[in-house]
Amino acid sequence: MRRLYCPMMVYTRGRFWTEAAVLVENGVIQEVAPRIELEPRVDARERVDWSDLLLVPGTVNAHNHSFQSLLRGIAVDVPFLQWRDEALYCFSPHLDPEAIYYGALLAFGEMMRYGVTTVCDFFYVHQDGLECDEAVIRAAQDLGIRLVLARTLYDWPGAPAGYREPVDLAVARTRHLAAKYQGNPLVRVIPAPHSLHGASPEMVMAGHRLAEELECRFHIHVSEEPFEVEQVQAEHGLRPVEFLDRLGVLDDKLVAIHAVWLDDGEIARMGEKGAHLVYCPSSNMFLADGVTKIPRLLTAGVAVALGTDGACSNNRTSVFEEMRMTALLQKVSTLDAGAVSAKQAFSMGTEVGGEVLELPVGRIEPGYAADFVGIDPGDWSMQPFHAGTDVVAQIVYAMQPQAIRRVVIAGEERVRDGSIAGLSRGGVVRNISAVMDRLHRLASKKTNT
C-alpha cells in the first residue's frame, strides 16, 4: 500500500518545512521531498490531504506500566512506599489476564489519542505465567500501537508472589516470548530486571546476559528513591551505579529508568560506559522522588528519552506533556531558563526515544517507520500561529490534546479526531468498570479477613 501525505508543514531534519510531502509504502517512509516532485508519481487515490495539519513524528513512551492505568486515583498524595503498598501491592495480586488486557487497552488507547505511537511497557505481573504478558501484547496488537514489552525479572521475596520468579524461569520465559515475536514488526520483547531492590544481583546479571544473547538492551529502575541508594550502600558499600558497574552490567546495553539520586561520579560513569536513561518527570513529581539532573547527564553524553511511567504515579499518559514537564522542571530546579530547550525536549520524546529503544521511529525520514501525528495549527491552544511562530515551542509548551487530529502507525491511520479505529470507547469503559468493581471487592475481602 502506497500513500502520499501532503500536510501544511512537515517536521524533518530538525525543522518544519512547507510545501513538502511524505511518501509511504508498506508502513515505511520512502521519501520526504517537495510536494511538486512527489505528486506526479502517485495517482489521486494514493494522495492523503493533510493540508490543514502539521505532520510530526509520533511520540515514544519509553517507560510505562500499562496495568497501572487500572489503579489511577488510588493512593494519591502519599509517600512512595505507602503508594506502592496501597495501590500496587494491594490490587495487582488480583489481576487476571482479562483485567490486564483491559488495563492495557485503556493505557495504550489513551496514549494513542495523545500522539504516542510506540510504547515500552515495563511489565511485571506474572501470576498466570505468560498469559498476562500475552494479554498486554494482544491489547497492543488489537489497537495497532508499536510495543516493546520489557518483561520484568523480579525475585525480591518482599514483593507479591505474582511478581516473583526464580532466575532460570524468568530468563526462560522472557527468552521464549522474545523468540515467539522475533520478526514481528510491531512487537519486541526485551529483559528488564526490576531494580537493585526488586531483583537480586544474580537476576540483574542474568538479565544482562540475556540482553547480550538477544542482541538488545535491558531496562532497570535505578536510584528512583533515596531508600535504594541507602540499601545498596549498606549491603554492598557502593552507590547503585557503582554497584551495577561492579556487576559488569553498566554498559551500552543498560537503560536506566529515573536515575534521580545520582552523584556526579555516577553520572560521569554512565556517560563513559554508554548507558542510557528514560526520564519520567511527572511521575517523579507525583511521588516526590526528586529531580533527575538532566543537564549534567546530557553533558556527560547520556542519551535521555522520556516516559510517562504508570498512570497511578502520573495520572496522564502524554509524552507531549512529559516534554513540557521536562523543560519546565529542569529550568526551575537549576534556575536556568536554558537548562533544557523546547527543541531538546521534543527530541527526547521522539527520535531519542527511538534510539534508546533501538527502533527506526521518531523521525520523519526515509527508512523510518511511518509513525506520525497530525496536529491542527488552528486549535486554540496553538494560537497565535503565524510566520514568526516557533512551532516546536508552541507544541511543547502550549498544545493541548484536542489539537491532535490524526495518528498514523506503520502507515495506517489509527486515530481520527479522538476516535480509535475499531474501538468502542464506551465498551472499554464498561469493561474497565466491571473489572474494577471485582478488584475492589477482592481487595476489600482480603483486607477484612
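Residues numbered from 1 in each chain as written. Predicted model: local features only at pLDDT ≥ 70, side-chain atom pairs only at ≥ 80, totals over all residues. Heavy atoms only, no water.

K.L.:
For this particular structure, what's the right way to read the overall build of the protein?
P.N.:
The number of helices and strands found in the protein is 16 helices and 17 strands. A globule of 449 residues ought to have a C-alpha radius of gyration of about 22 Å, and the protein, at 21 Å, matches this closely. Along the first, second and third principal axes, the C-alpha set of the protein runs to 65 × 50 × 40 Å. Relative to its full complement of 449 residues, the protein shows a buried share of 59%. The contacts of the protein with a sequence gap of at least 6 include a subset with a gap of at least 24, amounting to 74%. Looking at the protein, you have 43 positive and 58 negative side-chain charges, and the mean spots of the two groups are 4 Å apart. (Helix = DSSP H or I, 4+ residues; strand = E, 2+ residues; numbered from the N terminus. Rg over C-alpha atoms; globule rule 2.2 N^0.38 Å. Buried < 20%, exposed > 50% of the residue type's maximum accessible area, 1.4 Å probe, protein only. Contact = heavy atoms within 4.5 Å. Lys, Arg positive; Asp, Glu negative; His and termini not counted. Charge placed at Lys NZ, Arg CZ, Asp CG, Glu CD.)

K.L.:
Can you walk me through the domain arrangement of the protein in this structure?
P.N.:
The extent of an interface is frequently quoted as the accessible surface area lost upon association of the parts. Split into domains, the protein comes out as domain 1 (2-58 + 368-417) and domain 2 (71-357). Each of domain 1 and domain 2 has a C-alpha centre, and these two points are 30 Å apart. When domain 1 packs against domain 2, close to 1900 Å² is buried across both sides, 70% of that on carbon and sulfur atoms. When the buried surface of domain 1 facing domain 2 is broken down by residue, Val-396, Tyr-397 and Ile-409 rank first, second and third, together holding 32% of it. On inspection of domain 1 and its partner domain 2, the count reaches one salt bridge. Among the salt bridges present, the one from Arg-146 reaches Asp-371, with a minimum N-O distance of 2.8 Å. (Domains from an automatic or database assignment. Buried area = accessible area lost by both parts, 1.4 Å probe. Salt bridge = Lys/Arg side-chain N within 4 Å of Asp/Glu carboxyl O.)

K.L.:
I tried to follow empty space enclosed by the protein on my own but got confused; where do I start?
P.N.:
Space left empty within the atom packing is revealed by a probe, the size of a water molecule, rolled over the atoms. Evaluation of the coordinates by the stated rule reveals two cavities of 30 Å³ or more. Volume-wise, the largest cavity comes out at about 190 Å³. Along the lines of polarity and charge, the residues of the lining of the largest cavity split into eight nonpolar, six polar and three charged. Roughly 40 Å³ of volume is contained in the second largest cavity. In terms of lining residues, the second largest cavity is bounded by Arg-188, Ile-190, Cys-216, Arg-217, His-219, Val-356, Leu-357 and Glu-358. The class makeup of the residues in the lining of the second largest cavity is four nonpolar, one polar and three charged. (1 Å grid on protein atoms, 1.4 Å probe; cavity = no way out; pocket = protein on both sides within 12 Å on 5 of 7 lines; lining within 4 Å. Points joined across faces, edges and corners; volume = space filled by probe spheres on them. Nonpolar A, V, L, I, M, F, W, Y, C, P; charged D, E, K, R; others polar.)

K.L.:
Is there a simple way to explain the nonpolar core in this structure?
P.N.:
Soluble globular proteins tend to pack their nonpolar side chains together in the buried interior. Ranked by internal contacts, the top residues of the largest apolar core, which has 138 residues, are Phe-108, Ile-375 and Ile-395. In terms of domain composition, this core takes at least three residues from each of domain 1 (2-58 + 368-417) and domain 2 (71-357). Not counting chain neighbours up to four residues away, the residues in contact with Ile-395 comprise Phe-16, Val-56, Phe-320, Phe-346, Ile-375 and Met-382. In this structure, Val-22, Leu-53, Ala-370 and Phe-372 belong to the second largest nonpolar core, which totals 14 residues. (Core = buried A, V, L, I, M, F, W, Y, C linked by side-chain atoms within 4.5 Å.)

K.L.:
Is there a simple way to explain the packing of helix H3 (residues 97-113) against helix H4 (residues 131-143) in this structure?
P.N.:
Where H3 contacts H4, the axes come no closer than 8 Å and their chain directions differ by 35°. The chirality of how H3 crosses H4 is right-handed. Seen from H3, the contacting residues are Pro-97, Ile-100, Tyr-101, Ala-104, Leu-105, Phe-108, Gly-109 and Met-112; seen from H4, they are Glu-131, Cys-132, Ala-135, Val-136, Arg-138, Ala-139, Ala-140, Asp-142 and Leu-143. Looking at side-chain class alone, the contact of H3 with H4 contains 13 nonpolar, one polar and three charged residues. (Axes fitted to C-alpha atoms, helices over the stretch in contact; angles between N-to-C directions. Left-handed = near helix turned anticlockwise from the far one by under 90°.)

K.L.:
How should I be thinking about the UniProt feature "domain: Amidohydrolase-related" (unreviewed entry) in the protein in this particular structure?
P.N.:
Under the UniProt annotation, the feature "domain: Amidohydrolase-related" (unreviewed entry) is placed at residues 55-412. Helix makes up 41% of residues 55-412 and strand 17%, with an end-to-end C-alpha separation of 14 Å. (UniProt positions renumbered as here; feature names shortened; annotations may be inferred.)

K.L.:
What's the story with the side chain of Asp-251 in this structure? I'm lost.
P.N.:
With respect to the secondary-structure elements, Asp-251 resides in the loop between helix H8 (240-246) and strand S11 (254-258). We note that Asp-251 is buried and unpaired, the nearest opposite charge coming from Lys-253 at a distance of 7.3 Å. The contacts of Asp-251, once residues within four sequence positions are left out, are His-208, Lys-273, Gly-274 and Ala-275.

K.L.:
Would you mind going over the pairing of strand S16 (residues 412-416) with me for this structure?
P.N.:
One ladder, built from four bridges, connects strand S15 (residues 404-409) with S16; its direction is antiparallel. Residue pairing for S16: Val-408 is matched across the bridge by Glu-413. With antiparallel pairing between neighbouring strands as the criterion, S15 and S16 make up a hairpin whose turn holds two residues, including Ala-410 at a positive phi of roughly 55°. Where S16 folds back on strand S17 (residues 419-420), the antiparallel hairpin that results is connected by two residues, among which Asp-417 adopts a positive phi of roughly 50°. (Pairing = 2+ DSSP bridges.)

K.L.:
Can you walk me through the packing of aromatic side chains in this structure?
P.N.:
Pairs of aromatic rings are described using the distance from one ring centre to the other and the angle between the two planes. In total, this model carries 14 aromatic pairs according to the counting rule given. Between Phe-67 and Tyr-124, the ring centres sit 5.4 Å apart and the planes meet at 85°, which makes this aromatic pair edge-to-face. Highlighted residues: Phe-67 in the loop between strand S6 (59-64) and helix H2 (80-91) and Tyr-124 in the loop between strand S7 (116-123) and H4, separated in sequence by 57 residues. Here Phe-67 and Tyr-124 have matching classes, each one buried. The structure contains a cluster of three or more aromatic residues connected by ring pairs, namely Phe-67, Tyr-89, Phe-123, Tyr-124, Tyr-154 and Tyr-163. The aromatic ring of Trp-17 is capped on one face by Arg-13, whose charged end is 4.7 Å from the ring centroid. When the ring centre of Trp-17 is taken as origin, the NZ or CZ atom of Arg-15, which lies over that ring, is 3.8 Å away. (Phe/Tyr/Trp six-rings, centres within 6.5 Å; stacked < 30°, edge-to-face > 60°. Lys NZ or Arg CZ within 6 Å of the ring centre and 35° of its normal.)

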